[in-house]
Amino acid sequence: MKVTFFSTHCPKCLVLEKKLQQKNITYDEVNDVDVMTAKGYMSVPMLEVDSVSMDFKKAVDWLNTI
């Protein structure tokens, strides 16, 4: 499973990062706003799991199921 975490270290980003760490999920972190914009992301945090994009709510829901 390949997980990429798009973050600007905002409060929601920190919550999602903590949840990823609690689940012992390894991830790559991207903090480059230009990369996020190029992918069409207009807000953060965003999580990509095996190329599937999730906003904050979907990411938290997904983390709560594993």
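So, here's what we can say about the structure. This is a predicted model, so every value here is computed, not measured.

### A short note on the sheet that holds strand E4 (residues 52-54)
Strand pairing in a sheet relies on backbone hydrogen bonds, with the paired strands running either antiparallel or parallel.
So, point 1. Taken in spatial order, the four strands make up an open sheet running E2-E1-E3-E4, and their pairing is mixed. The open sheet has two free edges, formed respectively by strand E2 (28-30) and E4, since each of these has just one partner strand. Strand-to-strand twist of the sheet, defined as the mean angle between neighbouring strand axes without regard to direction, takes the value 20 degrees.
So, point 2. Across three bridges, strand E3 (residues 46-49) lies against E4 in antiparallel orientation. Looking at E4, one finds that leucine 47 is bridged to methionine 54.
So, point 3. Seen against the sheet, helix H1 (residues 11-22) touches strand E1 (3-6), E2 and E3 and runs at an angle of roughly 155 degrees to E1.
So, point 4. Sheet strands touched by helix H3 (residues 56-65): E3 and E4. Its angle to E4, the strand with the most contacts, is close to 105 degrees.

Calculation criteria
Throughout, a residue's number is its position along its own chain's written sequence, starting from 1. Local features in a predicted model are, by the rule used here, given only for residues with pLDDT of at least 70; side-chain atom pairs are given and counted only at 80 or more, and totals for whole chains, interfaces and linings are based on all residues. Hydrogen atoms and water are omitted, and side-chain values are computed over all heavy atoms in the structure. Strands were regarded as paired on the criterion that DSSP finds at least two bridges between them. Only runs of H or I of at least four residues qualify as helices and only runs of E of at least two qualify as strands under DSSP, and these elements are numbered from the N terminus. Fitted lines through C-alpha atoms serve as axes, helices being fitted only where they are in contact, and the angles separating the N-to-C directions of these axes extend from 0 to 180 degrees. Any two residues whose heavy atoms approach within 4.5 Å are treated as being in contact.

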